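So you can see what is in the structure, the chains are spelled out below.
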Amino acid sequence: MTRKQRRMTIIGGSLAVLALAAALVLNALRDSIVFFSTPTMVAEKHVEPGKRFRLGGLVQPGSLQRGDNLAVTFEVADGNAKLPVAYKGILPDLFREGQGVVAEGALDANGVFKADTVLAKHDETYMPKDVADALKKQGHWKDDYGGKPADSGKSSNSGKTSDAGKPAATTAQGNPQGAVR
């Protein structure tokens, strides 16, 4: 065998081993690549009880029930399906009905998702109160920082104007719209 043939054999073998390793890793992570599963995905996959996964969706309005010793139950829905969730512990500050949530845990034999961690999600326009207050103090507050544009019939206008010269939207308390949720 010549040096060129030996070199090509080593390169070819190395590429084959690398491709095999990548295929094995991707196959092992196939079900874990998705950050969370929705109730519809859980129903389609027929997840067996006891298998840990993350469940994501919206907390159904009217489904939150508080029990003894910090026990809560609620339903998570994605528009097509809903799944009951049981959790024991302190809920995050941003947790509320109609809000996005991601819960970690497993299904029990009755089809109830037993969560051991609950994470409340917020939309991309959320801004912590202290950051909003600092921006207001510095005069850098803009109407589009805190949320959606104001509905003309629902918000009051204190006569202030924004940087663009348009009237600034404020809530009934006089805060810029969306500053604090």
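Right above here is the structure, for reference.
Here the structure is a predicted model, which is why all the values come from computation and not from measurement.

Enquirer: I'd like a description of the pattern of salt bridges, backed by residues and values.
Expert: Enumeration according to the criterion identifies 4 salt bridges in this entry. A salt bridge links glutamate 75 to lysine 82; its shortest N-O distance comes to 3.7 Å. Ionic pairing is found between aspartate 108 and lysine 114, a salt bridge with its closest N-O pair at 4.0 Å. What makes lysine 114 partly exposed here is its relative accessible area of 43%.

Enquirer: Could you give me a rundown of the pairing of strand S4 (residues 82-88), with the residues and numbers involved?
Expert: On a regular strand, one side chain projects to one face of the sheet and the next to the other, so that they alternate. Here strand S3 (residues 71-77) pairs with S4 via 7 bridges, running antiparallel. The residue of S4 that forms the bridge with valine 72 is tyrosine 87. Hairpin connection, S3 to S4: the antiparallel pair is bridged by 4 residues, and glycine 79 has positive phi, about 105°. In terms of strand pairing, S4 meets strand S6 (residues 113-120) through 3 bridges, oriented parallel. Residue pairing across strands places alanine 86 opposite lysine 114, the latter belonging to S6.

Enquirer: Quick rundown of a nonpolar patch on the surface? Include the residues and the values.
Expert: Residues Met8, Ile11, Leu15 and Leu18 make up a contiguous nonpolar surface patch of about 430 Å² in total accessible area. Topologically, leucine 15 is positioned in helix H1 (residues 3-28). In this structure leucine 15 comes out as exposed when scored by relative accessible area, which is 54%.

Enquirer: If you had to explain the side chain of threonine 40 to someone new, which residues and values would you point to?
Expert: Following the sequence through the fold, threonine 40 ends up in helix H2 (residues 39-45). Residue classification places threonine 40 among the buried positions, given a relative accessible area of 17%. Those residues in contact with threonine 40, other than ones at most four positions away along the chain, are Asp78, Asn80 and Ala81.

Enquirer: Can you tell me about a positive patch on the surface, naming the residues and giving the values?
Expert: A cluster of basic residues, Arg3, Lys4, Arg6 and Arg7, forms a positive patch on the protein surface. For arginine 6, the location among the structural elements is in helix H1. Here arginine 6 falls in the partly exposed class, since its relative accessible area comes to 45%.

Enquirer: Give me the lowdown on the pairing of strand S1 (residues 52-59), citing residues and values where you can.
Expert: Examined bridge by bridge, S1 and strand S5 (residues 100-107) share 7 bridges and lie antiparallel to one another. Looking at the pairing, leucine 58 lines up with glycine 100 of S5. Looking at chain direction, S1 and S3 are connected through 2 bridges and run antiparallel. Bridge pairing in S3 places valine 59 opposite valine 76.

Analysis parameters
- Just so you know, the residues in each chain are numbered from 1, in the order the chain's sequence is written.
- Only residues with pLDDT of at least 70 get local features here, since the model is predicted, and only at 80 or more are side-chain atom pairs given and counted; chain-wide, interface and lining totals rely on the full set of residues.
- Side-chain metrics rest on all non-hydrogen atoms present in the structure, leaving aside hydrogens and water.
- One speaks of a salt bridge when a side-chain nitrogen belonging to Lys or Arg is within 4 Å of a carboxyl oxygen belonging to Asp or Glu.
- With a 1.4 Å probe rolled over the protein chains alone, any residue whose accessible area is under 20% of its type maximum counts as buried; one over 50% counts as exposed, and the rest are partly exposed.
- Pairing between strands requires that DSSP locate at least two bridges from one strand to the other.
- A run of H or I in DSSP counts as a helix once it spans at least four residues, and a run of E counts as a strand once it spans at least two, with each numbered from the N terminus.
- The patches reported here contain residues having more than 30% relative accessible area and no salt bridge. Joining distances are 9 Å for like charges and 5 Å for nonpolar side chains (Val, Leu, Ile, Met, Phe, Trp, Tyr).
- Here the Shrake-Rupley method, with its probe set to 1.4 Å, supplies the accessible areas, and only the displayed protein chains count as covering residues.
- In this description, contact between two residues means that some pair of their heavy atoms is separated by no more than 4.5 Å.
- Positive residues here are Lys and Arg, negative ones are Asp and Glu, while His and the chain termini are left out of the count.
- The atoms used to mark charge sites are NZ of Lys, CZ of Arg, CG of Asp and CD of Glu.

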